[in-house]
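For reference, the chains in residue letters:
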Amino acid sequence: MASIRLNQVVKKYDDNLIINRLTMECKEKEFLAILGPSGAGKTTILKMIAGIEEVTGGSVFFGERDYTRTSPQDRDLSMVFENYALYPHLSVRENISFPLKSPKKKGQFSASEIEKRVQEAAKMVGLDDKLERRTDQLSGGQRQRVSLARALVKKTSVILMDEPLAHLDAKLRVQMRGELKRIHQDLGATIIYVTHDYIEAMAMADRIAVTNNGELQQIGTPEEIYFQPRNEFVATIVGEPPMNIFQAELAARDGKVYGSWEGQTFEVPLPGSFSGKAVDIGIRPNNINLVPAGSDNSLAAIVDDVEPLGRQQIVTVQVGGRMLVVKSDRDRSITLGQTVHLQFDYAYLHLFDTVTKERMVL
Ligand SMILES: Nc1ncnc2c1ncn2[C@@H]1O[C@H](COP(=O)(O)OP(=O)(O)OP(=O)(O)O)[C@@H](O)[C@H]1O
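Residues numbered from 1 in each chain as written. Predicted model: local features only at pLDDT ≥ 70, side-chain atom pairs only at ≥ 80, totals over all residues.

The chain is annotated in an unreviewed UniProt entry as Sugar ABC transporter ATP-binding protein of Paenibacillus abyssi.

Following this line, the structure appears as structure tokens:
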């Protein structure tokens, strides 16, 4: 019952096309992250699922039922927002119990049932000892938990979350990621979670739907999105620093295929049929190794910048007139202006069409 399916959904504001024929499914009990840059249309998608925004075209199904024209109150879901949306002068208890006392729910829950649910929800988010506290006397992280508890108290089968961790500091975000994952498992609810942070999506979601300009780019498990990105947009939205992508010309010689880029030539493990073509080569910074001069199949580069990251470092190098980013173990001997040698780990090579930017399958 609690799977959610968007079928050819279109959203326009005046003449502006915001969502373009979006077809996507979140399975029952799945944790689906919608990942995309600012303005991609993520919040709009969530609002159309909630019924807060009408669709311009297409349909929204909950299970087998068409909910396209169903009012928000009649959809079995709750929402958690980035900005908490709490009543500051009310206590934690009053805020959490609010959805059970709305005019529409009046009389539906006994006082003891409300108390039981508030206790359960508060316990789930670790706030059961702060029920009497006014929410304007709480930290940002605690307010976010109240907002979460207020969504949990309704016990809906679907919970929609819009960047709920955006305002938390880095440490709390990591902690809350773990808690949200646990809550998802405990509740068995279907969760759709909007974020522009790929780490959040990768850490929590069963599957990730990558969107850009109102269009679905790819939907898949975190592993599929990371290791088999369908196009260059998906390839560069996950991973930090982003994947290096450059165009190389391929030519066969002595039964092997060589790529040339910025005046350097290197062997690429591709079939001879690629000879004479140009491809976009994608390689993540952690799949480039710094090797000694004269190593097999290496490229020379000049160090432009070194960013130490504890045990690791990010080295930006120049190959001809272009930049490549390398993430490697910390090596203090590397200095600016120095010539280094790079070797690509071809097990993690990505190939894209130079025109369509779509992944090429060998
Ligand atoms: N009520 C509205 N009227 C007109 N345009 C709108 C309205 N709401 C959103 N938009 C536009 O729709 C596009 C998508 O907005 P949306 O908020 O869905 O993006 P988003 O991916 O959630 O972005 P962010 O990560 O910045 O929140 C934007 O260009 C935005 O300006």
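Colleague: Describe the site of the ligand, with residues and values.
Modeller: Every residue near the ligand is listed here: Tyr 13, Ile 18, Gly 36, Ser 38, Gly 39, Ala 40, Gly 41, Lys 42, Thr 43, Thr 44 and His 196. Counting residues per element, the shell around the ligand draws most heavily on helix H1 (residues 42-50), which supplies three residues. Split into classes, the residues belonging to the shell around the ligand amount to three nonpolar, seven polar and one charged. (Near = placed C-beta within 6 Å. Helix = DSSP H or I, 4+ residues; strand = E, 2+ residues; numbered from the N terminus. Nonpolar A, V, L, I, M, F, W, Y, C, P; charged D, E, K, R; others polar.)

Colleague: How would you sum up the UniProt feature "domain: ABC transporter" (unreviewed entry) in the chain? Please name residues and give values.
Modeller: UniProt annotation of "domain: ABC transporter" (unreviewed entry) refers to residues 4-238 when read in the numbering used here. As annotated, residues 4-238 comprises 34% helix and 26% strand, and the C-alpha atoms at either end are separated by 25 Å. (UniProt positions renumbered as here; feature names shortened; annotations may be inferred.)

Colleague: Which residues make up the environment of Pro 241, and what are the values?
Modeller: Along the polypeptide, Pro 241 turns up in the loop between helix H8 (232-237) and strand S11 (244-253). Along the sequence, Pro 241 and Phe 266 sit 25 residues apart, while their C-alpha atoms lie 23 Å from each other. Residues in contact with Pro 241, not counting those within four places in the same chain, are Pro 285, Ile 314, Val 325 and Lys 327. (Contact = placed C-beta atoms within 7 Å.)

Colleague: Please provide a residue-by-residue account of the pairing of strand S10 (residues 215-220), values included.
Modeller: Here strand S9 (residues 207-212) runs beside S10; their pairing, made up of five bridges, is antiparallel. Paired with Ala 209 across the bridge in S10 is Ile 219. Connecting the antiparallel pair S9 and S10 is a turn made up of two residues, with Asn 213 showing a positive phi of about 50°. (Pairing = 2+ DSSP bridges.)

Colleague: Before we move on, could you go through the sheet that holds strand S8 (residues 190-195) and cite the residues and values that matter?
Modeller: Here six strands make up an open sheet; going across it, the order is S6-S7-S8-S3-S9-S10 and the pairing mixed. Whereas interior strands pair on both sides, the edge strands pair on one side only; in this sheet they are strand S6 (77-80) and S10. Adjacent strand axes in the sheet meet at a mean angle of 15° when their direction is disregarded. Across four bridges, strand S3 (residues 31-35) lies against S9 in parallel orientation. (Axes fitted to C-alpha atoms, helices over the stretch in contact; angles between N-to-C directions.)

Colleague: Report on the pairing of strand S1 (residues 4-13), specifying residues and quantitative values.
Modeller: On a regular strand, each side chain points to the face opposite its neighbour's, so the side chains alternate between the two faces of the sheet. Relative to strand S4 (residues 57-62), S1 is paired through five bridges, and the arrangement is antiparallel. For Ile 4, the partnering residue across the bridge sits in S4 and is Phe 62. The sheet contact formed by S1 and strand S2 (residues 16-26) spans seven bridges and is antiparallel. Along S2, the bridge assignment pairs Lys 11 with Ile 19. Joining the antiparallel neighbours S1 and S2 is a turn of two residues, in which Asp 14 adopts a positive phi near 50°.

Colleague: Can you lay out the nonpolar core for me, pointing to particular residues and giving the numbers?
Modeller: Counting residues in each nonpolar core, the largest one holds 83 residues, and the members touching the most others are Ala 33, Leu 35, Ala 149, Ile 159, Leu 160, Ile 192 and Tyr 193. Each of two domains, domain 1 (4-237) and domain 2 (244-352), supplies a minimum of three residues to this core. Those residues within four positions of Ala 149 in sequence are excluded, and the remaining contacts are Ile 96, Ala 121, Ala 122, Met 124, Val 125 and Leu 127. (Core = buried A, V, L, I, M, F, W, Y, C linked by C-beta atoms within 7 Å. Buried ≥ 20, exposed ≤ 12 C-beta atoms within 10 Å, placed from the backbone. Domains from an automatic or database assignment.)

Colleague: Tell me what's going on with the sheet that holds strand S17 (residues 312-319), and back it up with residues and numbers.
Modeller: Picture the strands of a sheet paired through backbone hydrogen bonds; they go either parallel or antiparallel. Spatially, the five strands line up as an open sheet ordered S15-S19-S16-S17-S18, and their pairing is antiparallel. Taken across any chain shown, the strands that pair with only one partner, and hence form the sheet edges, are strand S15 (288-291) and strand S18 (322-329). If you compare each strand with its neighbour and ignore which way they point, the axes differ by 45° on average. By the bridge criterion, four bridges tie S15 to strand S19 (residues 339-344) in an arrangement that is antiparallel. Across the sheet, the residue bridging to Leu 290 is Leu 342, located in S19.

Colleague: Got a sec to walk through unusual backbone geometry? Specific residues and values, please.
Modeller: The step from Glu 240 to Pro 241 runs through a cis peptide bond, and the omega angle for that step is -5°. Unusually for a residue other than glycine, Lys 29 sits at a positive phi of about 70°. Taking the C-beta count within 10 Å as the criterion, Lys 29 has 16 such neighbours and is therefore assigned partly exposed. The phi angle at Glu 262 is positive, at roughly 50°, despite the residue not being glycine. Mapping Glu 262 onto the fold places it in the loop between strand S12 (256-261) and strand S13 (264-267).

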